[in-house]
Amino acid sequence: MNILEKTTPSHVRAEGLRVVRGDRVVLDGVDVTVSAKSRLAVVGQNGSGKTTLLQVLIGRTEPDQGHVHRAGTIGVAEQELATGHGETVGTLVAQAIRPAQQALERLEAALGTVETDPTAYAEALDEATRLDAWDAERRVDVALEALDACTDRDRRLDTLSVGQRYRVRLACVLGARTDLLILDEPTNHLDAGGLAFLTERLRQHPGGVLVVTHDRALLRDVAEEFLDLDPTPDGRPRLYAGGYDGWQTGRARERERWQQEYDAQVAEHQRLAGAVDEARGRLSTGWRPDKGVGKHKRQSRAPGIVQALRRRQEALDAHRITVPSPPRPLRFPASDTRAGAPLLDAVDVMVPGRMRAPVSVRLRGGDRLLVTGPNGSGKSTLLAALAATPGVRVGFLAQEVPDATVRMSPGQLRRRQLEQILADGPDLLILDEPTNHLSASLVDDLTAALRTTAMAVVVATHDRQMRADLADWPVINSSEVQRNP
């Protein structure tokens, strides 16, 4: 948590930010303000600069151009938390409640001078009240419990798992009463109860909120404005109002205009190129007069055709496609899978030590199946077993498929893997946590395609919004072992 100057209303305001890494421009022309009532989401695909922007806003990274002004107090929850210096859970708790304790100490000191310096006492009381300083430690304890985080103040952070450390730090940030909250992927490592607690806390937070997340449910529930860092025709980010739906509508309209402008320029370039080819053809054959016509007529027509070719070539050379190619939307190829065609009939599938009980699954062309259940209940094991069924064209996207030979972001790699699977034309598509690493807009495209493809589809996911979107699908709960008829 950073304590910043309190001479003006709390805010983080950035203007003209540009960040370059090597030969790559990560951010360019970014203007953004987080103020007392902001509910701002920073969105974009992996590698679009979201975390870099957060680092600049909190002062951990200096931009190559532009400047940032900060006022008020700010609570930060980053994705990574360094350990190794003997810090404990109590260390983070103490850091979180220290501003409140300092406010109480100043109030106690001012109390003794209330008669001689009433202004100082009033200011100290106002600060303690704003921080709700008397309740600070209890708020942190409530957050630790709600996020299922370690409450043992003496527990060293380096003995906790990554997820446990993240929950402790997030609880401390949420429990402290800061003017602004800046959170990077705060839904990571949270269960359903933790997600509900986080959502409610962000809704009720009296100050400003900036959140970087792929979690569409959190975006829908909390965000009112969206700073979209994905590519645009002019390379500058876009700010959309109107909540999640306003972002999606505005983004779709801009993409449509972008595609139209690009298509128009490409069509004009092709028209000019065609005119050059036509003129060149006339130069070689078309200008020759009919047999028996005098030589002087051929000679008089040739210069005109040459000039026409030159003019058209000059027009083609002068034309430039100034609009960059728009990003490709995620679309499923047409499938030849026959509706109702038998594909898979797995009876009493069982992997000892990995699944709690046998499961039977029957799938035909066009069928849908949603696999749910807590971690460790056998979802991934079941999906892998179904994918290994002989005699079926299966496309299987595993939960994590690392590829050290490809240098791209996790989101880009995930999309590439999915597109390669679809290109093979499977009859049965099996997806294990398909939203991992994908941006919110890309997951919306994926969900729409899953609902309309002719393939049979099996999906296992913890993604709250995807589960809501697919709520009308038949379900197997791996912890209850319901069977799909």
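Per an unreviewed UniProt entry, the protein carries the name ATP-binding cassette domain-containing protein and comes from Paractinoplanes aksuensis.

Notes on empty space enclosed by the protein
Inspection of every chain in the model, using the stated rule, returns 4 cavities of 30 Å³ or more. Reported here for the largest cavity is a volume of approximately 70 Å³. Every residue lining the largest cavity is listed: D228, D230, P231, T232, R238, Y240, R251, E254 and R255. Looking at the lining of the largest cavity, the elements with two or more residues in it are strand 10 (238-241) and helix 8 (243-286). At 3 residues, helix 8 tops the list of elements feeding residues into the lining of the largest cavity.

Brief notes about the pairing of strand 15 (residues 428-432)
Counting buried residues in strand 15 gives 5 out of 5 residues, a clear majority hidden from the surface. A two-sided burial pattern is seen for strand 15, the buried positions comprising L428, I430 and D432 on one face and L429 and L431 on the other. Here strand 14 (residues 394-397) runs beside strand 15; their pairing, made up of 4 bridges, is parallel. The residue bridging V394 from the neighbouring strand is L428, located in strand 15. The pairing of strand 15 with strand 16 (residues 456-460) spans 5 bridges and is parallel. By the bridge assignment, D432 is partnered in strand 16 with A460. Each parallel crossover has a hand, and for strand 15 linked through helix 12 (residues 440-452) to strand 16 it is right-handed.

A few points about the environment of L450
One can find L450 in helix 12. Considered as a pair, L450 and R368 are 82 residues apart in the sequence and their alpha carbons are 9.0 Å apart. Setting aside chain neighbours within four positions, we find L450 in contact with F332, R368, L429, L431, V457, V459, M466 and W473.

Observations concerning the layout of surface pockets
Its volume calculated, the largest pocket comes out at about 1300 Å³. As for the largest pocket, its lining consists of 45 residues, of which T187, N188, H189, N436 and H437 are closest to the centre. Partitioning the lining of the largest pocket into residue classes produces 8 nonpolar, 23 polar and 14 charged. Considered as a void within the structure, the second largest pocket measures approximately 560 Å³ in volume. Lining the second largest pocket are 25 residues, and of these G47, S48, L229, D230 and P231 sit closest to its centre. At the level of elements, strand 3 (24-35) and helix 11 (410-423) are the ones that each hand at least two residues to the lining of the second largest pocket. Top element by residues in the lining of the second largest pocket is strand 3. It accounts for 6 residues. Here the lining of the second largest pocket is composed, by residue class, of 9 nonpolar, 8 polar and 8 charged.

Re the environment of Q270
As for its placement among the helices and strands, Q270 is situated in helix 8. Judged by relative accessible area, which is 56%, Q270 ranks as exposed. Each C-alpha atom, one on Q270 and one on L316, is 9.0 Å from the other, the two residues being 46 residues apart in sequence.

Examining the sheet that holds strand 14
Read from one edge to the other, the open sheet built from 5 strands follows the order 14-15-16-13-17, with strand pairing classed as parallel. Looking along the sheet, the strands with just one partner apiece sit at the ends: strand 14 and strand 17 (475-477). Pairwise comparison of adjacent strand axes, ignoring direction, gives a mean angle of 15° for this sheet. With respect to the sheet, helix 11 is in contact with strand 14 and strand 15, its orientation differing from that of strand 14 by roughly 175°. Helix 12 rests against strand 13 (368-372), strand 15 and strand 16 of the sheet, and its axis sits at about 130° to strand 13.

Comments concerning the pattern of salt bridges
Note on pairing: side chains with opposite charge can pair once their charged atoms come close. Taken as a whole, this structure holds 27 salt bridges when the rule is applied. Via salt bridges that share partners, R216, D444, D463 and D469 belong to a single interconnected network.

Brief notes about the environment of R414
Topologically, R414 is positioned in helix 11. Taking C-alpha positions, R414 is 7.0 Å from H437, a pair spaced 23 residues apart along the chain. If sequence neighbours within four positions are ignored, R414 has contacts with L397, A398, Q399, E400, D432, E433, P434, N436 and L438. Separated by 3.1 Å, the side chain of R414 and the backbone oxygen of D432 make a polar contact.

Brief notes about the packing of helix 4 (residues 136-146) against helix 5 (residues 162-175)
Running from N to C, helix 4 and helix 5 point in directions that differ by 140°, and their axes come no closer than 8 Å. Classified by the interaxial angle, the pair formed by helix 4 and helix 5 is oblique. Regarding helix 4 and helix 5, the two cross each other, and that crossing is right-handed. Where helix 4 approaches helix 5, its residues A136, R139, V140, A143 and L144 are matched on the opposing element by V168, A171, C172 and G175. Counted by class, the contact of helix 4 with helix 5 contains 7 nonpolar, 1 polar and 1 charged residues.

Observations concerning the nonpolar core
By size, the foremost hydrophobic cluster in this structure holds 51 residues, and its most contacted members are V168, L170, L174, L183, L202 and F226. No other element matches the 9 residues that helix 2 (residues 89-111) contributes to this core. In this structure, L57, V68, I182 and L210 belong to the second largest nonpolar core, which totals 25 residues.

About the criteria used
- Residues numbered from 1 in each chain as written.
- Predicted model: local features only at pLDDT ≥ 70, side-chain atom pairs only at ≥ 80, totals over all residues.
- Heavy atoms only, no water.
- 1 Å grid on protein atoms, 1.4 Å probe; cavity = no way out; pocket = protein on both sides within 12 Å on 5 of 7 lines; lining within 4 Å.
- Points joined across faces, edges and corners; volume = space filled by probe spheres on them.
- Helix = DSSP H or I, 4+ residues; strand = E, 2+ residues; numbered from the N terminus.
- Buried < 20%, exposed > 50% of the residue type's maximum accessible area, 1.4 Å probe, protein only.
- Pairing = 2+ DSSP bridges.
- Right-handed = clockwise from strand over helix to strand, strands pointing away.
- Contact = heavy atoms within 4.5 Å.
- Nonpolar A, V, L, I, M, F, W, Y, C, P; charged D, E, K, R; others polar.
- Axes fitted to C-alpha atoms, helices over the stretch in contact; angles between N-to-C directions.
- Salt bridge = Lys/Arg side-chain N within 4 Å of Asp/Glu carboxyl O.
- Polar contact = N/O pair within 3.5 Å; in protein donor to acceptor, adjacent residues only side chain to side chain.
- Parallel < 35°, antiparallel > 145°, perpendicular 65-115°, else oblique.
- Left-handed = near helix turned anticlockwise from the far one by under 90°.
- Core = buried A, V, L, I, M, F, W, Y, C linked by side-chain atoms within 4.5 Å.

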